[in-house]
Each structure stands twice: as structure tokens, then as C-alpha cells.
Amino acid sequence: MAAHTQVALPLPILPEGWSGEKDFKAIGKLTAATQRSIEPVGPHFLAHARRARHKRTFSEDDRIQAQENVKKVEDDDAGEISEPEDPMMLSRDAKDWKSQDHYAVLGLSKYRFKATEEQIKRAHRKKVLRHHPDKKAAAGSTEDDSFFKCIQKATEILLDPVKRRQYDSVDEHADVEPPTKKQLKDGKYYKLWSAVFKAEGRFSRVQPVPKFGDENSNKEDVETFYNFFYNFDSWRSFEYQDEDVPDDNENRDQKRHMERKNNNARKKKKNEDTARLRKLVDDAMSGDDRLKRFRQEANASKNKKKLEKEAAEKKAIEDAKAAKEAEEKAKKDAEEKAKAEKEQGKKAKEAAKAAVKKNRRVLKGSVKDANYFAGSGNAPAKVVDGVLTDVELIQGKLDPDETAALAQKLNGLKVADEIKGVWKGEVERLVAAGKVKSGEVKTLV
Amino acid sequence: MAAEGQTSGTTPGERHAIGICFGNSNSSIAYTSVEDKAEVIANEDGDRQIPSILSYVDGEEYNGQQAKQQLIRNSKNTVAHFRDFLGQDFKSIDPTHCHASAHPQEFESTIAFKIQDKEGDEESTVTVSEITTRNLKRLAQSASDFTGKQVNSAVITVPTNFSEKQKEALTKSANGAGLEVLQLIHEPVAALLAYDARPESKVSDKTVVVADLGGTRSDVAVIASRGGMYTILATAHDYEYAGSSLDKVLMDHFAKEFIKWNATDPRENARSLAKLKLESEATKKALSIGTNANFSVESLAEGIDFTSTINRMRYETIARKVFEGFNRLIEGVVKKAGLDVLDIDEVILSGGTSHTPKIASNMVSIFPESTTILAPSTTPTAISPSELQARGAALQANLIQEYEKEDIEQSTHPAVTTVKHLSNAIGVLAITGDESKGVFTPIISAETAVPARRTIHINTPKEGGDVLIKIVEGGSHIKVTKPEPKSKTNGEKQDDDSEDEDDSDEEPEDIREKVWKVGNVLAEAAVKGVKKGGKVEIMVNVAGDLAVTVTCREIGGKGGVRGNLAAP
């Protein structure tokens, strides 16, 4: 837009008789436009957006932009002197420079350790312009250059990196006091402690310093923070608070004594400082709800595992118990069954025995009923004996079933011949089966 | 949550922003050097084009070129071509390109990949947003390693048809990677910005076609660039003709060659196919640089090594269909914008596929000679097409990183970006030597966003005196004149090659030219007493409500004429 298009073709000559009010005649109007959206990209769009948002025309915008650019320089220059000067500070004596707040003297108390060298130089110049003793003399006041000396001293210290660091080490104006319990009650725990650790972080050799974070910080960040501050590598030193070492013309021993004393004092202060920071971190940590939350979460997951393990063990034991019980029961059942079977077997045996006995009685009875096959009248003892011997012989050869069958046949028979027939048949059967030799049985054949 | 809170909290002072071009196939990252020049960063492997691929082997993550190699051996655990899946549901995605890598799956109304991304055999389901986060994390890490400062914010390019949902998903993924998204800008505009930010380029009114030919899709946009402000007039998207279709052509070609000597078809085996594809892509790239390229794959199929060569001519012949597809696409979008190829002042070829010389030479034949084709083969000073978008994004990041988040949001609000655009050009009537009738000379082009202000310096007649300034609206149309049928008479004399005759008949094309037609007269003004050889400055200022202010004065002269036209 800045470059103007050059057109080589000439303009027409004004026709005769043309006239317009102030040489201008408005004739038509623009045809309706289409609505489109422009791409919010590029430097020219930014300019457009600026104009649109502030409702400026092109020329207005050009002017304001130009003004802003100029203003920026002025702002920078005016910035540092804007701090009001404390009358108490103005009447300071340069001799006790150790207790003076160098940043305040230069009007940089809001920047402190953050002030750049450029800022210090500029601030110095401004202060010099205002407080130069010659100017004061010209204004008619007494030739009081004490504050000017303060300014010079402050600049000397702040522009020397070593001395500045020594001063920054003990610059308690930049410290942020740890919050009291009362302050913490308001619930601004993270905000208050953040400010404290931000201030402490300025002593760290390792930059950037991790942030304290807020209640939503994750575990990793919080742990990084605490680890950082427990292993804090501080450049803080306490030379600035040394007692003055006497000049050479005094006692040399005295001088060395002072130096030793100062050294010890520095060490002591350094240790105290380390301990102080440690306590600070401990305090912050003890009230940190995030850590509690992380612990609870960790416990929850750990407990979950433990509970699961216990449940599994319990289940295993129960399973084993149940299995054992089942086994015992099965065993018992089997035993009982065996016992019952045994008893039954015993009964059956007894019954069989009784049956055999009964059958045997029938057998013996049958020969007795047949009067020992001796016809009528008393059978001689010899016959009886013979018959009974045979009967017993046969009985001995028969098993209980055969005995029972024989007894069946004999049962109810009264006639001697029939009984004999049965016996005879039985003997023949036994002979045929080879159980009895023929001729062994004499009387029953 | 914590990460998001952290990123949105970055103040302009702590910002270290880069530009990211996050594509389906490749991504690139760029930063602005001390002298505000955008430069593309090479990752630790030395690649400026970092394949957007992540691969997992035994719990270890690989990205870029290393991951691409894994497509052969470890395709199941390699995720590729996932950018377009962001913020989409499973129904609306096209998984074609993921065929040779991990397959997308539906997962809780979004899309996920099942991969073994940890040690052991356990498969885990990783959503596409998670994959994107991991990829962006790697990109940011590469940029941080290169610049030595932790990168915490970015401008990311997106296609013009990215929906709000997709943009939201991308922003979320970027936040997950520890990046604050300063702005999402459209890819073609980023490419245009990269060219316009070159120190030698002047701010002017021009109409530009940006053809972004990528790996899996081609997007073309017609952009009106008016005084450095960009308005997209029309866009077209094509998923058929893209870099992968050129790969396909070469793959088929070499597969056929292979079959000639061996009985097997390498396209039937997944691993052989992957090897074929990788080498085809390499061959394609080699053909963009040289006129001959080798194709050689060890153990392409069944342990048989395969070597072949192809020259550019042959490649251009077999890939003609695809090239014609590109041509149709670009011609189509110019028509869609209601313009003619004669209206186009610049064609920017962007995207990796645009390295192909044939595409640029096709553009030369489609567009008139007055059109600048910005491609490496036609313009020696052209910026590498694959770096354009990342550069544009980096430039934009550099521009806006000083602003508060709120400021950026307000400036990109539709209330600011939606403005009226002139439907007709505004110009002044000048005369040529003999013509007494006026010749329209545009001052402000059509499609210029209002408010707009333009100034021209115009000659006066040699003898000076009083001149008339007539401010008019003008429309352009295409005048087609039949050329003199001179060749025809020539042809008739040569009866013997009458067959060739038919072809050459069409050769003398119609002469087409853009002519201005004077429309509505807006105002007349007179500048009196112009010195001999003096010049007149005309400033036309169109306000947001279409009210026009015209200021005319003689350069070096006092006073001048000023007049207003009320808003319609």
C-alpha cells in the first residue's frame, strides 16, 4: 500500500464547460459488496485487525502507531525515576553505606535483583542529574553532597557483579516472608508459598528454578520441585555483613583475628541459611495437600493390590478346605457302605449256616422218618450208625445249595422207600459227578 | 489438565514459538531466525520433511524416516496417515492409506489404533489424538533441540476444509504435547505468506492459485491477495490424484517389469509391496531432480533382487492420467471462483508432489504467460514447495507471539475477519494516444476487503493544463478473438498431409485477453493548472460501510480536490 502504482497513460483534458462544486461532482454509488472472510494471517491483517478493533481510519491508525512508537522511548526513560524519594533516605549519610538500600537509592526498588545493568546505568544518570551537588549549590542550598555520595556508592556496588551479588545475598527487601498459619487459613496456600519460593529461587545457581505450582500440579512436577529445593545449590554468601577489617597500619594480629572471625561468621551464617531454607521447605511440605493426595492415591493402588492378593489367598484356603471336606465325606461314605455290606454278608452267612443246619436236620430227620430203612420196629444200632455215617458223608460232599435242594426233595416224604429213592438218586448223582466213589456209600444205595 | 493449564498460561515474554506444518504424510517445522527469516528445521536424522509416522518396537518409539522403514518389517505397530482422522468419527474416514500400516478402529466415538507400544506382547489401544500428541511432541522436541530453547507454542497449518471439531481436536492434542496453539492457519494462506514475506516481494493486488499437492490429498485454493490481506475465493479438494497415485503408477510399472523376468507378482505379498512402495517413492523423488532414476530393491520378492531404471519421459508418459487430474482440478477451481485463467497472477505450487517438473510445465501451458508459476523447475528463486507451509506458519508465529492470547482471539474473531469485499474494481479513466474514449485503469481491484485505501500516480497530457478525473467502477471480461485464418490457407495448399492438417487446424488457438468494461460512473473531479509533464496523485479510500473518499492533487502542487460519496 505504501508503494504507489504508477500509471503511464495520461488523464484526459478537462472538457469545456465542465464545472463542479469545489471541482468535484459525486455521481454514483458503489454497487453492493459481497461478504467474505479474510484470512487472519500476515502483517497486513494485523494492521487491519488493529484498525477494526479500535475503529480507526487509515490515517488515524498511521498517526497513532507513529505516536505509540515515539511514546515507548519516553516511557522507558521516565519509568525509573517515577519512584518517589523518601526524605529520610535523602538525608542519609554515605558513611553507613552498608545499611543503605542501594536499589531504593537509585529508585529501582521494584526491580531489585532483576534490574539489568542498563537500567542501573540509566537510573544512576537520572539521579545524578537531579542530585548533583553543583546543582544544589546553584539552587542556593548548602553544599550538601551526602546523598550524592550515597548514589555513587550504590552505583559502584550495583555495577560490580561481585559486589552486587554480595549485596543481593543479604538484600532482605527482596525476601518474601513465609506465610503465617493465620494467612494460610484463607486458602491461598499455593499462592503464598509460590511467592516465597520464587524469591528464594533467586539464589539458585541452577536456573530456571522449578515452580511451586498449584493444587492441580502433577506428581512429577511437585516431586521435581521438592527435590530441587532439598538439593538447593545456592550462591548466597555473607561477605557483605563482615565486620570491617582494620587498616594495615594497625596490629597485624588484630587484622588476622578479624579476618578469621569474619570467615567463621560467614560460614555460620551460610549454615544457618541452609538450615533456614530446609526448614522452609519442610514447612511447605508438611502442609502440602498435594503430597497427601499423591500418597493416598499411591496407597489406594497399593492397597488394591494387597486386598486382591489377600482375597486370592483366602479363596485358595477355602477351596482347599472344601476339597478336603468333600474327600473326607466320600471316604466316610465308602466306609459306611463297606461296613453295611460286611454286616449284611455276615447275616447272610449266618442265615445260610442256619439253613444248612436246618437242611441237615431235615436230611437226618428223613432217614429217621424212614426208620433208618430198617422196616418196622426199632432199627438196630448198627444200622442206624451205618445210615447216619453215610448221611454225614453225603452231607459233607454237598454244598449248601445242594443240601437245600436235597432237603427240599426230602421234605414232607414219609414213606421209607421214597426217601430211600431220593437218597439213592442223590448218591448216584454224586457218584456220577465223581464226588463220591461208588461203594463208599453203603447203606443208601 | 495440568499440561493444558500450563500452556494456556504462557505469557508473551516466555513464549518460544515455531511453525508446524502437520500433514498426513510428512510434517515439517520451522522457526524464525534473528533477522526474522523463516527457516525449516532438520530433525536429528537430518530430515526437513519428517514423515508423520510413529513406529513401536519393543516399547521404543521411532518417528520420521526411521519409522517409515518399519513399514516393511513392523507394519502392524506402525501408525501412518493419521492426521485426517483427528476429530472424525469412524464412519467418515477413509482408511485406504493405512492399509499397509496399523489399521484404524472405532473406539468410543473416536478412532484408535491397536498397537504394541510397550514392552511385552500386550496390545494397547491408542487413540488418534494420543498418536498426534506423541508425534507433535517429537516435532517440538526436535525444534527445541535445534534452537536450544524449550518450544512451548506453535502456529499449526490446517487444510481449508478442517471442521471446527477437527481443529478443536488438533488444539487439544497439541496442548497435550505441551504446545500452546497460538493460531491455526490455513495451509494455502501459509504458503502464500511464505512467498510474500520474502524481502524482494512487494505488496500488491494479485489473485493467486495455491495448489497444495500432498501425499494423500490435493487441495487447491484461489486466494485474492489485496494489499497483503488474503481472502479465499474458492477451494477444491481431491483425494484421488495425489502423490500416492504417482507412486502407484511407478509401482505398477516396476511390478510389471519384475513379472517379465520372474513369475511372481511383488504386489501380492505385503512385505514386497511395502518395499516396492518405498522405493517407488524414492524413485519419484529422484525423477523430480534428475532425468533418470534407478530403482533397486534387494530381495523384492522370493529373495530375488531387482534393479531397473526409468527416465523422466517414460515416467511422464505413464503418469499422464494423474497429471491431467491435477490440471483438471486446478482449472476447475479457477472456474469455481468465477474467474478465468487470465485473472490469475500467480500460481504457487506447494506440497511435496509439487517438486515434479511436469506439473509445473503443465501449469505454464494452462496459464497465460503473464502468470508467474512459482515452482522450483520454472522459477529458480522459488522456495522449496514442501517447506512453504512450515515457513508461513513460522512467520505467523513470529508475528503474533508478542500478543496476549486474548488479543489474538479478539483479532481472529469473525466480527473482525468478516468484512465486505468490493464486487467491482474501482478505477480511473485514462486515454491512450489516439483513443479519445477512456481506458479503464484500475485503482482498487475487485474482491478487495474494505476498508481499503489505494493511491496511484497518473500522467497528464504533455502540455499540462486542466485534467478531468473520472472515477468509475469496472468489470472485466474475457475477449476471445479468432486468429487470422492464415495457417488454414497454408494448409490447403499442402494437400498431401491433410491428416496432420486436422491437428494443426486446432493449433492456432483463440486469442483470449482480459478487457475492462466501464461500469457505473462514481464521480468526476478536475485538477486545474497542471504543470507540463506533471503527475496527478489519486487516492481512493473506501470505508467499511462502502462510503468512498477521493482525493486528487498534483504531485508537488498545493491544495487538491477532495470529495465524498455516501455509503449506499
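Scroll up to find the structure this text is about.
Everything quoted here is computed from the prediction, not taken from an experiment.

So, how was this worked out
- Residues numbered from 1 in each chain as written.
- Chains lettered and ligands numbered in written order.
- Predicted model: local features only at pLDDT ≥ 70, side-chain atom pairs only at ≥ 80, totals over all residues.
- Heavy atoms only, no water.
- Helix = DSSP H or I, 4+ residues; strand = E, 2+ residues; numbered from the N terminus.
- Buried < 20%, exposed > 50% of the residue type's maximum accessible area, 1.4 Å probe, protein only.
- Contact = heavy atoms within 4.5 Å.
- Areas by Shrake-Rupley, 256 points an atom, 1.4 Å probe, with all protein chains shown as cover.
- Pairing = 2+ DSSP bridges.
- Axes fitted to C-alpha atoms, helices over the stretch in contact; angles between N-to-C directions.
- Patch = residues over 30% accessible without salt bridge, like charges linked within 9 Å, V, L, I, M, F, W, Y side chains within 5 Å.
- Salt bridge = Lys/Arg side-chain N within 4 Å of Asp/Glu carboxyl O.
- Lys, Arg positive; Asp, Glu negative; His and termini not counted.
- Charge placed at Lys NZ, Arg CZ, Asp CG, Glu CD.
- Buried area = accessible area lost by both parts, 1.4 Å probe.
- Polar contact = N/O pair within 3.5 Å; in protein donor to acceptor, adjacent residues only side chain to side chain.
- Nonpolar A, V, L, I, M, F, W, Y, C, P; charged D, E, K, R; others polar.
- Core = buried A, V, L, I, M, F, W, Y, C linked by side-chain atoms within 4.5 Å.
- Domains from an automatic or database assignment.
- Phe/Tyr/Trp six-rings, centres within 6.5 Å; stacked < 30°, edge-to-face > 60°.
- Parallel < 35°, antiparallel > 145°, perpendicular 65-115°, else oblique.

J.: I would appreciate a short explanation of the overall build of chain B in the present structure.
T.: Of regular secondary structure, chain B possesses 15 helices and 28 strands. Looking at chain B as a whole, 54% of its 568 residues are labelled buried. Counted over contacts in chain B with a minimum sequence separation of 6, partners at least 24 positions apart contribute 64%. Total accessible area computed for chain B in this model is approximately 25800 Å², and 47% of it derives from carbon and sulfur atoms.

J.: Looking at this structure, how should I read the overall build of chain A?
T.: In terms of regular secondary structure, chain A is built from 16 helices and three strands. Taking the contacts inside chain A whose residues are at least 6 apart along the sequence as the reference set, 66% of them involve residues at least 24 apart.

J.: Looking at this model, I keep getting lost on the sheet that holds strand β21 (residues 425-430) of chain B. Mind explaining?
T.: Remark on secondary structure: sheet strands pair via backbone hydrogen bonds, oriented parallel or antiparallel. Pairing is antiparallel across the open sheet formed by five strands, whose spatial order is β2(A)-β25(B)-β24(B)-β21(B)-β22(B). With partners counted over all chains shown, the strands left at the sheet margins are β2 (24-26) of chain A together with β22 (439-444) of chain B, one partner each. In this sheet, adjacent strand axes meet at a mean angle of 40° when their direction is disregarded. Relative to strand β25 (residues 511-530) of chain B, strand β24 (residues 465-481) of chain B is paired through 15 bridges, and the arrangement is antiparallel. Opposite G465(B), over in β25(B), you have V530(B) as the bridge partner.

J.: Explanation requested: the pairing of strand β26 (residues 535-542) of chain B in the structure shown.
T.: Residue and element names in this part refer to chain B. As defined by bridge partners, strand β23 (residues 452-459) adjoins β26 across eight bridges and the pair is classed as antiparallel. When the sheet's bridge partners are listed, H457 is paired in β26 with E537. Of the pairings in the sheet, the one linking β26 to strand β27 (residues 548-554) comprises seven bridges and is antiparallel in character. Each residue of the ladder has a partner; that of I538, found in β27, is C552.

J.: Honestly, helix α5 (residues 187-196) of chain B in this entry has me stumped. Any pointers?
T.: What sets the pattern is the α-helix's 3.6 residues per turn: residues three or four places apart point alike. Of all 10 residues in α5(B), 10 are buried; the element is thus mostly enclosed. Every buried residue of α5(B) is accounted for by E187(B), P188(B), V189(B), A190(B), A191(B), L192(B), L193(B), A194(B), Y195(B) and D196(B).

J.: Quick question: what am I supposed to make of a positive patch on the surface here?
T.: A surface patch of positive charge is lined by K349(A), K353(A), K357(A), K358(A) and R361(A). Residue position: K349(A) is located in helix α13 (residues 289-369).

J.: How should the interface of chain B and chain A be read in this particular structure?
T.: Facing 85 residues of chain B, the contacting portion of chain A comprises 50 residues. Overall, the association of chain B and chain A removes approximately 6100 Å² of surface from exposure, summing both partners, and the carbon and sulfur fraction of that is 61%. Sorting the residues of chain B by area buried against chain A places R453(B), L468(B) and E524(B) first, and these three jointly supply 10% of that buried surface. Between R453(B) and D62(A) there is a salt bridge, and its shortest N-O distance comes to 3.2 Å. At the junction of chain B and chain A, the tally comes to 27 residue pairs in polar contact (both at pLDDT 80 or more). The residue makeup of the side of chain B that touches chain A, split by class, is 46 nonpolar, 25 polar and 14 charged. As defined by bridge partners, strand β1 (residues 5-10) of chain A adjoins β23(B) across four bridges and the pair is classed as parallel.

J.: What should I look at first to understand the sheet that holds strand β7 (residues 78-80) of chain B in this one?
T.: All names here are of chain B. Strand order in this open sheet of three strands is β6-β5-β7, and the pairing throughout is antiparallel. Among the strands making up the open sheet, the edge pair consists of β6 (60-63) and β7. Taking each pair of neighbouring strands and ignoring which way they run, the sheet shows an average axis angle of 15°. Where strand β5 (residues 53-57) meets β6, four bridges bridge the pair, whose relative direction is antiparallel.

J.: In this structure, what is going on with the pattern of salt bridges? I would like to understand it.
T.: Two side chains with opposite charge may pair up if their charged atoms get near one another. Residues and elements named next belong to chain B. The final tally for this structure, using the stated rule, is 55 salt bridges over all chains. The shortest N-O distance in the salt bridge between E187 and R83 comes to 3.3 Å. In this pair, E187 is assigned in helix α5 and R83 in the loop between β7 and β8 (104-107), connecting sequence segments 104 residues apart. In this structure, E187 and R83 share a single accessibility class: buried. One salt bridge in this structure joins R267 and D265, with 3.1 Å as the shortest N-O distance. Linked by salt bridges that have partners in common, R83, D84, E187, R217 and D219 make up one network.

J.: What is the right way to read the nonpolar core from this model?
T.: The nonpolar side chains of a soluble globular protein tend to be buried, and buried together. All names here are of chain B. If you look at the biggest cluster of nonpolar residues, it comprises 46 residues, and the most contacted ones within it are V209, Y315, V347, L349, M363 and F367. In this structure, this core is formed jointly by two domains, domain 2 (201-241 + 322-382) and domain 3 (243-317), each of which donates at least three residues. Residue contacts for V209: discarding those within four places in its chain leaves V220, A221, V222, I330, V334, I344, E346, V347, I348 and F367. Membership of the second largest hydrophobic core comes to 37 residues, among which are I41, F113, A174 and A177.

J.: Hey, could you run me through the packing of aromatic side chains in this one?
T.: The description of an aromatic ring pair uses the distance of the two centres, along with the angle that the planes make with each other. Residue and element names in this part refer to chain A. Counting across every chain of the model gives 27 aromatic pairs over all chains. Considering the side-chain rings of Y103 and Y167, the 5.9 Å spacing of their centres and the 45° angle between planes classify their relative orientation as tilted. With Y103 in helix α4 (residues 102-105) and Y167 in helix α8 (residues 161-169), the pair connects residues that are 64 residues apart, well separated along the chain. Overall, Y167 belongs to the buried group, its relative accessible area being 4%.

J.: In this structure, what is going on with the side chain of T155(A)? I would like to understand it.
T.: Residue and element names in this part refer to chain A. Positionally, T155 belongs in helix α7 (residues 146-159). In this structure T155 comes out as buried when scored by relative accessible area, which is 5%. Within the structure, the side chain of T155 is placed 2.7 Å from the backbone oxygen of I151, a separation counted as a polar contact. Apart from the residues lying within four places of it in its own chain, the contact partners of T155 are L106 and H124.

J.: Sorry if this is basic, but what is going on with the environment of G13(B) here?
T.: All names here are of chain B. Tracing the chain through its elements places G13 in the loop between α1 (2-8) and β1 (17-22). The exposure class assigned to G13 is exposed, which follows from its relative accessible area of 74%. In this structure, the C-alpha to C-alpha distance between G13 and Q401, residues 388 residues apart in sequence, is 8.5 Å.

J.: Just to check I follow, could you spell out the packing of helix α5 (residues 117-131) of chain A against α7(A) for this structure?
T.: For any two helices packed against each other, the geometry is given by the interaxial angle and the distance between the axes. Residue and element names in this part refer to chain A. Between α5 and α7, the shortest axis-to-axis distance is 10 Å and the interhelical angle comes to 170°. When the axis of α5 is compared with that of α7, the two are roughly antiparallel. On the side of α5, the interface is formed by E117, I120, K121, H124, K127, V128 and H131, while α7 contributes F147, F148, I151, Q152, T155, L158 and L159. Across the contact of α5 with α7, the residue classes tally to seven nonpolar, four polar and three charged.

J.: Any chance you could explain α8(A) here in plain terms?
T.: Residues and elements named next belong to chain A. Those residues of α8 not exposed but buried are R164, Q166, Y167, D168 and S169. Where α8 is buried, its residues contact α4, α5 and α7. The N-terminus of α8 is capped by D160, whose side-chain oxygen sits 3.0 Å from the backbone nitrogen of V162.

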